[in-house]
2 protein chains.
Amino acid sequence: MKEGKLELQTPDEAETVFYEAFKRCDAKVMAALWAEDDVVCVHPGAGVLVGHEAVVRSWTNIFGNAHPPSIKIDVARRTRTDDLAVHLVAQQMGADTQDPALVVATNVYRKYDAGWLMVEHHASLVQSETRNQTLQ
Amino acid sequence: MKEGKLELQTPDEAETVFYEAFKRCDAKVMAALWAEDDVVCVHPGAGVLVGHEAVVRSWTNIFGNAHPPSIKIDVARRTRTDDLAVHLVAQQMGADTQDPALVVATNVYRKYDAGWLMVEHHASLVQSETRNQTLQ
């Protein structure tokens with residue numbers, strides 16, 4: 001990896017970097033992972049953040065207020081074409097506690113000349129009363 | 001359109017069909033819009049539904065319990081490659097009421113031989129206390 005620039009060969013590699021940065025509260029790596037294009041991010045319960053600056057600032061603020069979280073992830077589905085990938089990920093937040101929260105995230109990665117970067121993260125909290133049931 | 005089969009030329013066309021079916025509570029069109037592959041759907045506050053049958057059944061149940069909703073949409077961002085498209089959409093639900101709810105949805109469309117079909121819908125409610133602010 002060059003200083004300040006990530007060169008990631010696959011969407012899975014980008015996703016590993018994302019969750020490692022999340023777990024370590026590493027805003028610098030997070031900034032390098034997000035593309036400079038018109039990226040978007042939706043945190044649980046929140047509205048749409050547009051643009052690299054707003055998105056990275058939101059992560060910096062989250063990291064500033066939090067202890068490094070324990071996160072266990074399970075990729076429910078990968079959709080991949082040559083230069084765009086969409087992963088639907090179940091995130092168990094506080095995985096080492098008695099009562100972890102379940103968050104579902106759609107992560108979108110795009111291939112640029114130097115490799116794969118993140119262009120969207122859309123996360124939503126699974127309400128506990130619906131966690132074990134669907135709408136059926 | 002052939003009976004029971006949609007032939008949609010663009011992701012925008014698929015998205016128009018999705019929201020028209022949503023507004024009209026039309027489960028038959030919704031079933032025809034979703035791909036037969038390993039599709040996924042996350043309703044607000046809910047967990048992951050996987051597969052055409054579970055996804056379409058959830059929409060059928062939603063439609064069975066609801067009056068046709070008024071929905072006003074605003075596409076915040078489109079990411080498009082040759083055969084995959086990701087749209088981040090702000091959905092104002094109950095747009096004709098005094099207190100509409102704001103839902104953010106990531107909609108993913110994939111190009112098949114016959115045209116574009118829906119492969120993911122991930123929706124989350126914007127909590128009113130965060131609606132006018134970001135995490136900064």
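None of the values given here were measured: they were computed from a predicted structure.

Conventions we followed
- Each chain has its residues counted from 1, running along the sequence as written.
- The naming scheme follows written order: chains are lettered A onward, ligands numbered 1 onward.
- In keeping with the model being predicted, local features are shown solely for residues with a pLDDT of at least 70 and side-chain atom pairs are shown and tallied solely at 80 or more, while totals for entire chains, interfaces and linings include all residues.
- Working from all heavy atoms in the structure, the side-chain values ignore hydrogens and water.
- Two rings from Phe, Tyr or Trp (for Trp, the six-membered ring) form a pair when their centres are within 6.5 Å of each other. A pair whose planes differ by under 30 degrees is stacked, one over 60 is edge-to-face, and the rest are tilted.
- Only DSSP runs of H or I reaching four residues or more are called helices, and only runs of E reaching two or more are called strands; each is numbered from the N terminus.
- For every residue, the accessible area (1.4 Å probe, protein chains only) is compared with the maximum for its type, and the residue is labelled buried under 20%, exposed over 50%, or partly exposed between those bounds.
- At least two DSSP bridges between two strands are required for those strands to pair.
- Contacts between residues were defined by any pair of non-hydrogen atoms, one from each residue, lying within 4.5 Å.
- Summed over both partners, the accessible area (1.4 Å probe) lost when two parts come together is defined as the buried area.
- Salt bridge criterion: a side-chain nitrogen from Lys or Arg within 4 Å of a carboxyl oxygen from Asp or Glu.
- Think of a polar contact as two N or O atoms within 3.5 Å of one another; within protein, one of them needs to be a possible hydrogen donor and the other a possible acceptor, and neighboring residues in sequence only count if both atoms come from side chains.
- Ten residues, namely Ala, Val, Leu, Ile, Met, Phe, Trp, Tyr, Cys and Pro, are considered nonpolar, four, namely Asp, Glu, Lys and Arg, are considered charged, and the remaining ones, Gly among them, are considered polar.
- To line up the copies, we fit them by least squares on C-alpha atoms, keeping just the residues with pLDDT of at least 70 in both.

(A) Representation of the packing of aromatic side chains within the structure. Residues and elements named next belong to chain A. If you walk through the whole model with that rule in mind, you get 14 aromatic pairs over all chains. Aromatic pair Trp 59 and Phe 63: ring centres 5.8 Å apart, planes at 45 degrees, arrangement tilted. Of this pair, Trp 59 and Phe 63 are both found in helix α3 (residues 52–65), four residues apart, which corresponds to roughly one turn of the helix. The class for Phe 63 is buried, based on a relative accessible area of 8%.

(B) Expanded view of the pairing of strand β3 (residues 71–80) of chain B. Residue and element names in this part refer to chain B. As paired strands, β3 and strand β4 (residues 84–93) are joined by nine bridges and run antiparallel to one another. Its bridge partner lying in β4, Arg 77 is registered against Leu 88. Linking β3 back to β4 in an antiparallel pair, the connection comprises three residues.

(C) Molecular detail of the interface of chain A and chain B. Taken together, the contacts link 40 residues of chain A with 40 residues of chain B. Overall, the association of chain A and chain B removes approximately 3400 Å² of surface from exposure, summing both partners, and the carbon and sulfur fraction of that is 63%. For the interface between chain A and chain B, the tally reads zero salt bridges. Along the contact surface separating chain A from chain B lie 10 residue pairs in polar contact (both at pLDDT 80 or more). Residues belonging to the side of chain A that touches chain B are distributed by class as follows: 19 nonpolar, 14 polar and seven charged.

(D) Highlighting the relation of the copies chain A and chain B. Between the two copies, chain A and chain B, the superposition gives an RMSD of 0.0 Å; the rotation angle is 180 degrees and the shift along the axis is 0.0 Å. Between the two chains, the operation in question is that of a two-fold axis. Rotation axis and chain A: the residue whose C-alpha lies nearest the axis is A:Ser124, separated from it by 2.9 Å.

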